[in-house]
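# Residue-level structure breakdown
Each chain is listed here by its residues.
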Amino acid sequence: MKKVLFVVAIFSMLSSYSVQAGTGEDMFNALGCAGCHGVGGKSSISTYPSLAGKDADWLVQQLKDFQTGTRQDPTMNAMAPMTAGFEQAIADYLSSQ
Ligand code: HEC
């Protein structure tokens, strides 16, 4: 019985973790994007473009262009690779803000 409860506990921890790690909002915050682009991608510093409300497809393309170097910016060329696999989730979150 104890073993079953233990397995259930681990399983529920893992599944809640993977749900959280998969959301665009959590990725945006965990990767430090909000530190420059503001909470919800609403930037109040002109050096850092606001991302809130922008077109999701366009945002995905920017992240991929920063990854490949098609779009050049030292900061974003370093940041964008960390979004690999989560581009769409982050873009969907930002465009809904
Ligand atoms: C250290 C500050 C900093 C961090 C952290 C940062 N960015 Fe940026 N980001 C910038 C700057 C500066 C630009 C503008 C680059 C340029 O002029 O081409 C930019 C541009 C962008 C753009 C293009 C927006 C536009 O209007 O052209 C996107 C999308 C973006 N960042 C997403 C992200 C995501 C997602 C993260 C987290 C993985 C992130 N950024 C982390 C500074 C940052």
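See the structure shown above.
Residues numbered from 1 in each chain as written. Predicted model: local features only at pLDDT ≥ 70, side-chain atom pairs only at ≥ 80, totals over all residues. Heavy atoms only, no water.

### Focus on the coordination of the iron atom of the ligand
With distances of 1.9 to 2.2 Å, the protein atoms coordinating the iron atom of the ligand are His37 (NE2) and Met76 (SD). Metal-centred angles of 86 to 179 degrees between the six donor atoms at the iron atom of the ligand mark the site as octahedral. One end of the pair, His37, is in helix H3 (residues 33–37); the other, Met76, is in helix H5 (residues 74–79), with 39 residues separating them in the sequence. According to the relative accessible area criterion, His37 is buried, its value standing at 10%. (Donors = N, O, S within 2.8 Å, 3.2 Å for Na, K, Ca; no water. Tetrahedral: all angles 85-135°; square planar, octahedral: opposite > 155°, others 65-115°. Helix = DSSP H or I, 4+ residues; strand = E, 2+ residues; numbered from the N terminus. Buried < 20%, exposed > 50% of the residue type's maximum accessible area, 1.4 Å probe, protein only.)

### Topic: the site of the ligand
Near the ligand, the surroundings consist of 19 residues, among which Cys33, Cys36, His37, Arg71 and Met76 are the closest. The site holding the ligand turns out to be the largest pocket. Elements that contribute at least two residues to the shell around the ligand include exactly H3, helix H4 (56–68) and H5. Here the shell around the ligand takes four residues from H4, the largest share from any one element. Broken down by class, the residue content of the shell around the ligand amounts to 11 nonpolar, five polar and three charged. (Near = heavy atom within 4 Å. 1 Å grid on protein atoms, 1.4 Å probe; cavity = no way out; pocket = protein on both sides within 12 Å on 5 of 7 lines; lining within 4 Å. Sits in = over half its atoms within 2 Å of the grid points. Nonpolar A, V, L, I, M, F, W, Y, C, P; charged D, E, K, R; others polar.)

### Focus: the nonpolar core
Membership of the largest hydrophobic core comes to 13 residues, with the highest contact counts inside it found for Phe28, Leu31, Leu51, Leu59, Ile90, Ala91 and Leu94. At the level of elements, helix H2 (24–30), H3, H4 and helix H6 (87–95) are the ones that each hand at least two residues to this core. Per-element tally for this core: the top contributor is H6, with four residues. If near-sequence neighbours (up to four positions away) are discounted, Leu94 is found in contact with Phe28, Gly40, Gly41, Leu51, Ala52, Gly53 and Leu59. (Core = buried A, V, L, I, M, F, W, Y, C linked by side-chain atoms within 4.5 Å. Contact = heavy atoms within 4.5 Å.)

### Observations concerning H6
An α-helical segment advances 3.6 residues per turn. Residues three or four places apart therefore align on the same side. Here H6 has its buried residues at Glu87, Ile90, Ala91, Tyr93 and Leu94. End-on, the buried residues of H6 take up no more than an arc of 160 degrees, which puts them together on one face. Residues of H6 that are buried in the fold lie against H2 and H4. (Arc of directions from axis to C-beta.)

### Things to note about the layout of surface pockets
Which parts of space are left empty comes out when a probe the size of a water molecule is rolled across the atoms. Estimates place the volume of the largest pocket at around 520 Å³. Lining the largest pocket we find 26 residues, and of these His37, Pro49, Leu51, Phe66 and Met76 sit closest to its centre. Secondary structure elements with two or more residues in the lining of the largest pocket: H3, H4, H5 and H6. Broken down by element, the lining of the largest pocket gets its largest block of residues, five residues, from H4. Residues that form the lining of the largest pocket fall into these classes: 17 nonpolar, six polar and three charged. (Points joined across faces, edges and corners; volume = space filled by probe spheres on them.)

### Thoughts on the packing of aromatic side chains
Taken as a whole, this structure holds one aromatic pair when the rule is applied. Here Phe28 and Tyr93 contribute two aromatic rings whose centre-to-centre distance is 6.0 Å and whose plane-to-plane angle is 55 degrees, an arrangement assigned as tilted. With Phe28 in helix H2 and Tyr93 in helix H6, this pair connects stretches of sequence that are 65 residues apart. A single burial state applies to Phe28 and to Tyr93, both of which are buried. (Phe/Tyr/Trp six-rings, centres within 6.5 Å; stacked < 30°, edge-to-face > 60°.)

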